[in-house]
Amino acid sequence: MKKTSVLLTLLACTLGTASARDFAAIKASGTLVVGTEPTYAPFTYTQGKKIVGFEAELAEALAKRMGLKVEWKPSAFDTLLIGLNQDRFDMVIASHGITPERQKAVDFARPHYCSGGVILAPANGPLTVAALKGKTVAVQLGTTYAERAQSLPGLGSVKTYPNNAAALQMLLSKRVDAFITDRFVAIEGRKKFPQAKLKLGEMLFQEKIGIAVKKGNTTVTAAINTALGKMLADGSYKKLSEKYFGEDIRCK
Ligand code: ARG
């Protein structure tokens, strides 16, 4: 009997009958469980044990407006959307570009900023797509930058690293010629390591960044959109954005 029920539970899980918490269930618990990958300064990174950054503060402000506290669950970037569909998080805020492919797997809230992929390299390094011919380029696994780099013609090789910090480290130690990453992440890297004399090169594409929610979990997406809409309208988004970037980075 016991064996059978264990088997049934296992089967139910693999069939995906477990469902995500809707907004009412989250409200009742008082806690919003949020997935992120915190090596992505200035969006999400760690300060001691705390997760900080623009998206960390944004998530906490959104939760506050929903009457909730955030419980952070840091995870590898390439596992976040899968984890969302396995009900490990109520939402994921990790600078995901809203792509048609990802939209097949998850739902997105309205974009919370606009940015794009850029080449970061030493001042005398390859700063254009043309100059990347034959060169070695670092990217983070599972990102839109990895996908773009793999489709660029003539690259020497594309090296994939599990997190953003590791990829940046490879550029700093000159084991790669260039790093393709987010424009604001590149600006932050250049500021943080002035001795490396890094420069931002060609912008490869632009993207709208959004919070991901499990597909079909519409009450949660709606609650996020309402809270975000208020922050965009009442000046609190602008204030937070200016604190980190000196400008308002909302999609225009
Ligand atoms: N914007 C890129 C993408 O959508 C990279 C996001 C990486 N985020 C992170 N927390 N490491 O794939």
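Given the structure is predicted, the values throughout are model-derived calculations rather than measurements.

Q: Any chance you could explain the packing of helix α3 (residues 54–65) against helix α10 (residues 236–245) here in plain terms?
A: To describe two helices that pack against each other, one gives the angle between their axes and the distance between the axes. At their nearest, the axes of α3 and α10 sit 10 Å apart, and the two run at 160° to each other. Between α3 and α10, the crossing angle belongs to the class labelled roughly antiparallel. Crossing handedness for the pair α3 and α10: right-handed. From α3, F54, E57, L58 and R65 reach across to α10, where they touch S236, Y237, L240, S241, K243, Y244 and F245. Its residues assigned to classes, the contact of α3 with α10 comprises six nonpolar, two polar and three charged.

Q: Explain the nonpolar core here, please?
A: Core analysis: the biggest nonpolar cluster contains 52 residues, and F43, F54, L62, M66, M91, I180 and I224 have the highest contact counts within it. Looking at this core element by element, the count peaks at seven residues for helix α9 (residues 218–233). Taken together, domain 1 (23–114 + 209–245) and domain 2 (115–206) each give at least three residues to this core, which thus spans both. Those residues within four positions of M66 in sequence are excluded, and the remaining contacts are F23, K27, L32, A223, I224 and A227. With 15 residues, the next largest nonpolar core counts V118, L120, F179 and F193 among its residues.

Q: Got a minute to help me understand the site of the ligand in this structure?
A: In the neighbourhood of the ligand, 14 residues make up the surrounding shell, with E37, S95, G97, R102 and E207 lying closest. E37 is positioned such that a nitrogen or oxygen atom in its side chain is 2.6 Å from a nitrogen atom of the ligand. Note that a nitrogen atom of the ligand is positioned 2.7 Å from one of the side-chain N or O atoms of E207. Out of a free accessible area of 350 Å², the ligand has 100% covered by protein chains. Breaking the shell around the ligand down by element, the ones donating at least two residues are β6 (91–97), α6 (144–151) and β12 (198–214). When residues in the shell around the ligand are grouped by element, the largest group, four residues, is from β6. Looking at side-chain class alone, the shell around the ligand contains five nonpolar, six polar and three charged residues. When residues are assigned to domains, the shell around the ligand turns out to be shared by domain 1 (23–114 + 209–245) and domain 2 (115–206), each giving three or more.

Conventions adopted
- Residues numbered from 1 in each chain as written.
- Predicted model: local features only at pLDDT ≥ 70, side-chain atom pairs only at ≥ 80, totals over all residues.
- Heavy atoms only, no water.
- Axes fitted to C-alpha atoms, helices over the stretch in contact; angles between N-to-C directions.
- Helix = DSSP H or I, 4+ residues; strand = E, 2+ residues; numbered from the N terminus.
- Parallel < 35°, antiparallel > 145°, perpendicular 65-115°, else oblique.
- Left-handed = near helix turned anticlockwise from the far one by under 90°.
- Contact = heavy atoms within 4.5 Å.
- Nonpolar A, V, L, I, M, F, W, Y, C, P; charged D, E, K, R; others polar.
- Core = buried A, V, L, I, M, F, W, Y, C linked by side-chain atoms within 4.5 Å.
- Buried < 20%, exposed > 50% of the residue type's maximum accessible area, 1.4 Å probe, protein only.
- Domains from an automatic or database assignment.
- Near = heavy atom within 4 Å.
- Polar contact = N/O pair within 3.5 Å; in protein donor to acceptor, adjacent residues only side chain to side chain.
- Areas by Shrake-Rupley, 256 points an atom, 1.4 Å probe, with all protein chains shown as cover.

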